[in-house]
Amino acid sequence: MDANAIELVCREVVELVTEYLDGTLPDRDRVRFDQHLATCPPCTAYLAQMKTTLALAAELGAAAGPADDEVRRQLGDMFGRWHAKQKP
């Protein structure tokens, strides 16, 4: 890891997942994000779940409406609570 880079923690991954999926996360943060995923199965699972959720929502189209920031925030909060319970 680059000496100037600060390792991400799970909560930060949850907060950055939208930018990561949208491709708007700055390169330095994307590298840190990827490095975290390489060592954190729960965050890797969360990312996969978010991709699936967003794909399913897109399939529903206008009937479901777009996944807005509030929905994403709520999903992030739920994951954060679940992940906190998983730690010994």
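We now examine the overall build of the chain. Looking only at helices and strands, the chain has four helices and zero strands in total. Going from the N terminus to the C terminus, the chain shows its helices and strands as α-α-α-α. Expressed as a percentage of its 88 residues, the buried residues of the chain come to 24%. When contacts within the chain are restricted to residue pairs at least 6 apart in sequence, long-range pairs at least 24 apart make up 60% of them. Accessible area of the chain: about 5,900 Å², with a carbon and sulfur share of 57%.

Take the packing of helix α1 (residues 10-22) against helix α4 (residues 69-86) next. Close contact between α1 and α4 brings their axes to 9 Å; oriented N to C, the two are set at 145 degrees. Our pair here, α1 against α4, has a crossing hand that is right-handed. Along its contact with α1, which presents Cys 10, Arg 11, Val 14, Thr 18 and Asp 22, the element α4 presents Arg 72, Gly 76, Asp 77, Phe 79, Gly 80 and His 83.

Per-residue confidence for the chain averages 80 on the pLDDT scale, and 83% of its residues sit at or above 70. Between the elements of the chain, mean pLDDT differs from a low of 76, seen in α4, to a high of 93, seen in helix α2 (residues 27-39).

Enumeration according to the criterion identifies one aromatic pair in this entry. Ring centres of Tyr 20 and Phe 33 lie 4.0 Å apart, and the angle between their planes is 15 degrees; this geometry places the pair in the stacked category. Residue Tyr 20 is located in helix α1, and its partner Phe 33 is located in helix α2; the two are separated by 13 residues in the primary sequence. The class for Phe 33 is buried, based on a relative accessible area of 0%.

For an α-helix, the turn length of 3.6 residues means that residues three or four places apart are oriented alike. For α2, built from 13 residues, the straight-helix expectation of 18 Å at 1.5 Å per residue is met to within 8% by its first-to-last C-alpha distance of 19 Å. For α2, the set of buried residues is Arg 32, Phe 33, His 36 and Leu 37. All buried residues of α2 fall inside an arc of 140 degrees around its axis, so they share one side. Set apart from the buried face of α2 by more than 90 degrees, the exposed residues are Asp 27, Ala 38 and Thr 39. On its buried face, α2 is in contact with α1 and α3 (41-60).

Counting residues in each nonpolar core, the largest one holds 15 residues, and the members touching the most others are Val 17, Phe 33, Cys 43 and Tyr 46. Secondary-structure elements contributing two or more residues to this core are α1, α2 and α3. When residues in this core are grouped by element, the largest group, five residues, is from α1. Apart from the residues lying within four places of it in its own chain, the contact partners of Tyr 46 are Val 14, Val 17, Leu 75, Gly 76 and Phe 79.

The rules behind each value
- Residues numbered from 1 in each chain as written.
- Predicted model: local features only at pLDDT ≥ 70, side-chain atom pairs only at ≥ 80, totals over all residues.
- Heavy atoms only, no water.
- Helix = DSSP H or I, 4+ residues; strand = E, 2+ residues; numbered from the N terminus.
- Buried < 20%, exposed > 50% of the residue type's maximum accessible area, 1.4 Å probe, protein only.
- Contact = heavy atoms within 4.5 Å.
- Areas by Shrake-Rupley, 256 points an atom, 1.4 Å probe, with all protein chains shown as cover.
- Axes fitted to C-alpha atoms, helices over the stretch in contact; angles between N-to-C directions.
- Left-handed = near helix turned anticlockwise from the far one by under 90°.
- pLDDT = per-residue confidence, 0-100.
- Phe/Tyr/Trp six-rings, centres within 6.5 Å; stacked < 30°, edge-to-face > 60°.
- Expected span 1.5 Å × (residues − 1).
- Arc of directions from axis to C-beta.
- Core = buried A, V, L, I, M, F, W, Y, C linked by side-chain atoms within 4.5 Å.

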